[in-house]
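What follows is each chain in one-letter form.
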Amino acid sequence: MVEPKPKKAFYFTVFILPCFILYIMFFIRPFFNGIGISLTNWDGLTPKTPISMEKAAFEEKILNNISKQSDKDFVLKIYSYDESDGNYKRLAVGGLVRHKLERIIKKAGYEPDLNRFVGLENYKAVFTGKVKKDFYPHFYNQVKYNKNSDLPLTIAKKDFDKEIIPNCKTEEEKTLLTEAYSKYDAVNEQYKLSEAFDDFALTDPLFTLQELDSKALSEQDVDKFIEQAKKSALSSDSAEVDKLAATFTISHSLSAESGTAVRSAARGLVAAAAVKNTLSSVWVLKKFNMGVIGFTLFFAIFSVIGINVVAFALALALDAGVYGQKVLRTIFFLPNVLSMVIVALVWSLLFNQLLPSITGIKEWIGDPAKTPWLLVSVAVWQGCGYYMIVYLAGLQNIPTEVIEAAKIDGASAFQRFRFITLPMMVPALTISLFLSIANALKSFDLMYAMIGPTGYATGTVPFVYDIYFDAFSNKQAGMATAKAMMLFVVIFIVTGIQLYTMKKKEIEQ
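So, a few notes on the structure that sits alongside this text. (Residues numbered from 1 in each chain as written. Predicted model: local features only at pLDDT ≥ 70, side-chain atom pairs only at ≥ 80, totals over all residues. Heavy atoms only, no water.)

On to the overall build of the protein. The secondary structure content of the protein amounts to 23 helices and eight strands. Long-range contacts, defined here as pairs at least 24 residues apart, represent 72% of the contacts in the protein between residues at least 6 apart. Working note: accessible area of the protein is about 29,700 Å², and carbon and sulfur atoms make up 62% of it. Counting 54 positive and 50 negative side-chain charges, the protein places the centres of these two groups 12 Å from one another. (Helix = DSSP H or I, 4+ residues; strand = E, 2+ residues; numbered from the N terminus. Contact = heavy atoms within 4.5 Å. Areas by Shrake-Rupley, 256 points an atom, 1.4 Å probe, with all protein chains shown as cover. Lys, Arg positive; Asp, Glu negative; His and termini not counted. Charge placed at Lys NZ, Arg CZ, Asp CG, Glu CD.)

Take a look at the structure:
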């Protein structure tokens, strides 16, 4: 039976039209506003129309450039002159009034410095590599020792043998470092610094000089000498160090014994500085930082694969009729009920306190090599329960008579899985891949709660967190919105291709 047109119109008005209006208000309109913001250098705070402006500047930059008297009168209704401070001040306006005011002032040629139209500059900056270096994958040098600090008292054998000695360019450098760290602790598998190169051991005798007891010399004088001697020694200027020692001895009328102690300490600091300079130059590791783009792709690929593989495996196990199926289903789904922020805090506690005490490995979440995989693991643990339900529903919709017929025909378990289960699971796989890819590319809360801004150092900042950081920390709302627009396009293209490919397979099946 064909329904009458008035009834169809009624259904459309009651059910479809409100949803369509909300869709326009909360997606279409903000989307196009976002495109407009991405073409500006907006800092996220500066309005398009000034809140307060000095009288002379307001008249020169705005009022005198408005050609229509009606527009000028409209502006003067919103801006009032305050004689107390000599400024024009704007009333709080919104809606159509605000849009009209912005149009008039923009037509007058006024744009605030931090809310100007810049066209495609934000997009060009991203594609030409002109945004911050941490946005792109890159190699960098990790300096493990800074020469301005004291020499480490111990160095692990594995670090000394694999990271330091192989990087020495000359035999002199190897000899110097092996001499400085000649003591080996077999129990802890580490090399110990010789006292002859220890700043504390070298300078401690200076604080026992007899002149300190007689108040002819103060500890502040000794500290100042040590600081100057260290600085000159790091510059490889041994003559300057000798000169400082002689000057210090003469200016404070030190005894011959004290003078000898000062010269000995000075020569020791020169020798220690040579070790410092050598160690700081050779203990440098070349590292790879995935950057925002690299980590986003890494996280998306491995989390999507991990979530779907684990979810599908759990669904197969539960569909096999294992004991306690309903309880296990609830247990596996439970992490998905929890907020990702709570999940992140719980796992942060495990990574920072429990695992170091159990394994003896101190760095987990702070290690650039481990952190990306740990984040993927947490995402898989939290998300696989939801997709398990999707796959389980797909498995339970496979007709049992088809499976039984295949068994009767002699098909093995693997053959039944390959030629019956997998083809009939394509619809469930399509929706699961679509949701997991989209969620992975726009992941934010896990990294925000577990890593924070330190993720730039470990290369574990996803695209959405970088957008958030630009908008609210760097005050670059225009650039952040441009990145958001690009992310939208990427998600749209990737998920579109995935849906097209999978739907095509569904039709073929």
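Glancing now at the environment of I467. Relative to the assigned elements, I467 resides in helix 22 (residues 463-472). In this structure the C-alpha to C-alpha distance between I467 and A477, which are ten residues apart in sequence, comes to 8.5 Å. Contact partners of I467, with chain neighbours within four places excluded, come to A480, K483, A484 and L487.

Core analysis: the biggest nonpolar cluster contains 69 residues, and F299, L375, Y391, L446 and M450 have the highest contact counts within it. L206, L234, F248 and A272 belong to the second-largest nonpolar core, a separate cluster that totals 22 residues. (Core = buried A, V, L, I, M, F, W, Y, C linked by side-chain atoms within 4.5 Å. Buried < 20%, exposed > 50% of the residue type's maximum accessible area, 1.4 Å probe, protein only.)

Here we take up empty space enclosed by the protein. Under the counting rule described, the total for this entry stands at one cavity of 30 Å³ or more. Of the pockets and cavities examined, the largest cavity occupies roughly 40 Å³. In this structure, the largest cavity is lined by D199, K230, A233, L234, L269, A272, A273 and K276. Looking at the lining of the largest cavity, the elements that each hand over two or more residues are helix 10 (219-234) and helix 12 (256-282). With four residues, the top contributor of residues to the lining of the largest cavity is helix 12. The residue inventory of the lining of the largest cavity, partitioned by class, reads five nonpolar, no polar and three charged. (1 Å grid on protein atoms, 1.4 Å probe; cavity = no way out; pocket = protein on both sides within 12 Å on 5 of 7 lines; lining within 4 Å. Points joined across faces, edges and corners; volume = space filled by probe spheres on them. Nonpolar A, V, L, I, M, F, W, Y, C, P; charged D, E, K, R; others polar.)

The largest bend along helix 15 (residues 340-359) measures about 35 degrees and falls at F351. The set of residues buried in helix 15 consists of M340, V343, A344, S348, F351 and P356. On the buried face of helix 15, the contacting elements are helix 14 (325-337), helix 16 (371-396) and helix 20 (445-450). Count one or two residues on from helix 15 and you reach G360, which has phi positive near 85 degrees. (Bend = angle between axes of the 7 residues up to and from the residue.)

This part is about the sheet that holds strand 3 (residues 87-90). On the basis of which strands lie adjacent, the open sheet formed by three strands has the order 1-3-2 and antiparallel pairing. Since the sheet does not close on itself, it has two edges, and those belong to strand 1 (52-54) and strand 2 (79-82), each with one partner. Strand-to-strand twist in this sheet, taken as the mean axis angle between neighbours without regard to direction, amounts to 25 degrees. Along the sheet, helix 3 (residues 69-78) contacts strand 2 and strand 3; its crossing angle with strand 2, the most-contacted strand, is approximately 60 degrees. (Pairing = 2+ DSSP bridges. Axes fitted to C-alpha atoms, helices over the stretch in contact; angles between N-to-C directions.)

As a further point, take the layout of surface pockets. The calculated volume of the largest pocket comes to roughly 650 Å³. Around the largest pocket, the lining comprises 23 residues; the ones closest to its centre are I37, K48, R98, E102 and N115. For the lining of the largest pocket, the secondary structure elements donating two or more residues are helix 1 (5-38) and helix 4 (95-107). Top element by residues in the lining of the largest pocket is helix 4. It accounts for six residues. Split by residue class, the lining of the largest pocket holds nine nonpolar, seven polar and seven charged. As a volume, the second largest pocket reaches approximately 510 Å³. Around the second largest pocket, the lining is made up of 22 residues, and of these Q142, K287, D367, P368 and A369 lie nearest the centre.

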